[in-house]
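The lines below spell out each chain.
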Amino acid sequence: MYPTIYLALYDLLGIDWSWTKLLNSFGFFVALAFVVASYTLGKELKRRSTEGLFQPEIRKVVVGQGPQWPDIIINALIGYLVGWKFIYLLINSNELFGSGSPQRHIFSSEGYWWMGIITAAVFGGWRWWEYKRQQLPTPKEEEIRIYPHDLTGTITFLSAIFGILGAKLFHLLENPKEFVEFFTQPSLNSFLSGLTVYGGLIVGAAGVLIYAYRRKINLLHLCDSAAPGMILSYGIGRIGCHVSGDGDWGINNLAPKPGWLSWAPDWFWAYDYPNNVNSEGIPLFPCDPHFEGYCTHLVPPVFPTPVYETILATLIFVLLWSIRKRLKLPGTMMALYMIFNGLERFFIEKIRVNVRMKFLGMEMTQAELISVLFILTGIVMLIFIYRRKSKTSALSATG
């Protein structure tokens, strides 16, 4: 396992770049997941706009204005942060990150203040020059048309912010002990570790839908546009879970590999997650000094459920993406996404480690409960959509 990009580069390619210890492998794949989701969303929003399914927002703007100092100051502050902290960490990475955790240097007062001033001047000056280059002798007001695909970046940003907050909240609710520790012993690590996917999905979606409603974007078409990318990004995120060994693995698996899996490597059936980011299991001997702090593995091995989820999510994406142009009724794509997503997660939970709770006399995990609700919601949506179509067709025939 590779908790950081540094360990992957070192182990696979022999590259020893200490500054890459700053890059968490799980975070890398989460960022990649958002990039992919943003790309597919933008592509679908644009396609649906050309088909006339979205109406543009007409907005009046003033062009040709002179330098806007609040914007210039914000850019200068970003430049100062880059020069003061990030360039300092990059130049001194071998010395600072040779051993131990890089966090104590990242969140310290260490840095090049003089470099911060230089980069602040560069960032602020560049922004000032851009304003001067576009300035007109007399600013004028123009009308612009803003389509939903023009807002893809904003939608992605909101889904990331609300998604991370929701993922953390649901994880804390699922783990009462950590909930107490989160507030009694707060730390950066306690905030960044432990995320629940469904929490991120629900809260992230809520934040985006509220924004879309206020911008008068058709919510059903927006959901349909997002659905394929959402399931694909879920699968990419699970790659991060597997690569880092973040604890989202399955239950113990001592059963022999079945014959129908003879083509697959042994780790596909049962894996011990060596050097996992949580340092769970028993010590590994010998331990490579570069992996110090992560030298453990699971005994007995477990089902590598993140791998299974990545495969299933990819197959669902291929299916949804291949039929997206044929589904004409608004909401159909989203309904199918909810059904497939719920089914995938419900059955994976049967072999996955998770906290179980009692609900209406039944014992289940939080994810199982939510997955059932997803399935039922998707089915109800399909029934409603097709009943409404039938009524509309009947009225058209009689009219």
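This text follows the structure it describes.
Residues numbered from 1 in each chain as written. Predicted model: local features only at pLDDT ≥ 70, side-chain atom pairs only at ≥ 80, totals over all residues. Heavy atoms only, no water.

Student: Account for a nonpolar patch on the surface, with residues named and values stated.
Tutor: A contiguous nonpolar patch, built from Ile74, Ile78, Tyr80, Trp113, Trp114, Ile117, Ile118, Val122 and Phe123 and spanning about 880 Å² of accessible area, is present on the exposed surface. For the nonpolar patch, the element with the most residues is helix α6 (residues 113-134), which contributes six residues. By the element assignment, Phe123 lies in helix α6. Residue Phe123 is classed as partly exposed on the basis of its relative accessible area of 31%. (Patch = residues over 30% accessible without salt bridge, like charges linked within 9 Å, V, L, I, M, F, W, Y side chains within 5 Å. Areas by Shrake-Rupley, 256 points an atom, 1.4 Å probe, with all protein chains shown as cover. Salt bridge = Lys/Arg side-chain N within 4 Å of Asp/Glu carboxyl O. Helix = DSSP H or I, 4+ residues; strand = E, 2+ residues; numbered from the N terminus. Buried < 20%, exposed > 50% of the residue type's maximum accessible area, 1.4 Å probe, protein only.)

Student: Summarise the side chain of Ser233; cite the residues concerned and give the values.
Tutor: Take Ser233: it is sitting in helix α11 (residues 219-244). Judged by relative accessible area, Ser233 falls into the buried class, the value being 15%. Each residue touching Ser233, except ones within four places of it in the same chain, is listed here: Ala33 and Ala37. (Contact = heavy atoms within 4.5 Å.)

Student: I'd like a rundown of helix α1 (residues 5-13), residues and numbers included.
Tutor: Think of an α-helix as 3.6 residues a turn; residues three or four steps apart then line up on the same face. Buried within α1 we find Ile5, Tyr6, Leu7, Ala8 and Leu9. Looking at the buried side of α1, the elements it contacts are α2 (25-50). Positive phi shows up at Gly14, right after α1, with a value of about 75°.

Student: So what about the packing of aromatic side chains? Which residues, and what values?
Tutor: The tally for this structure, following the rule as stated, stands at 16 aromatic pairs. Plain terms: the ring middles of Phe28 and Phe29 are 5.2 Å apart, the flat faces sit at 85° to each other, and that makes the pair edge-to-face. Residue classification places Phe28 among the partly exposed residues on the basis of a relative accessible area of 44%. Ring geometry for Tyr88 against Tyr112: centres 5.0 Å apart, planes inclined by 90°, an arrangement best described as edge-to-face. Note that Tyr88 is positioned in helix α3 (residues 69-91) and Tyr112 in the loop between α5 (103-106) and α6, a separation of 24 residues in sequence. Taken individually, Tyr88 and Tyr112 each receive the classification buried, so the pair is uniform in this respect. In textbook terms, an aromatic cluster arises when at least three aromatic residues are bridged by ring pairs, as seen for Trp249, Trp263, Trp267, Phe268, Tyr271, Tyr273 and Tyr308. Looking at Lys21, its charged tip hangs above the ring of Tyr6, at a distance of 4.9 Å from the centre. Geometry around Trp321 places Arg324 over its ring, the cationic atom sitting 3.8 Å from the centre. (Phe/Tyr/Trp six-rings, centres within 6.5 Å; stacked < 30°, edge-to-face > 60°. Lys NZ or Arg CZ within 6 Å of the ring centre and 35° of its normal.)

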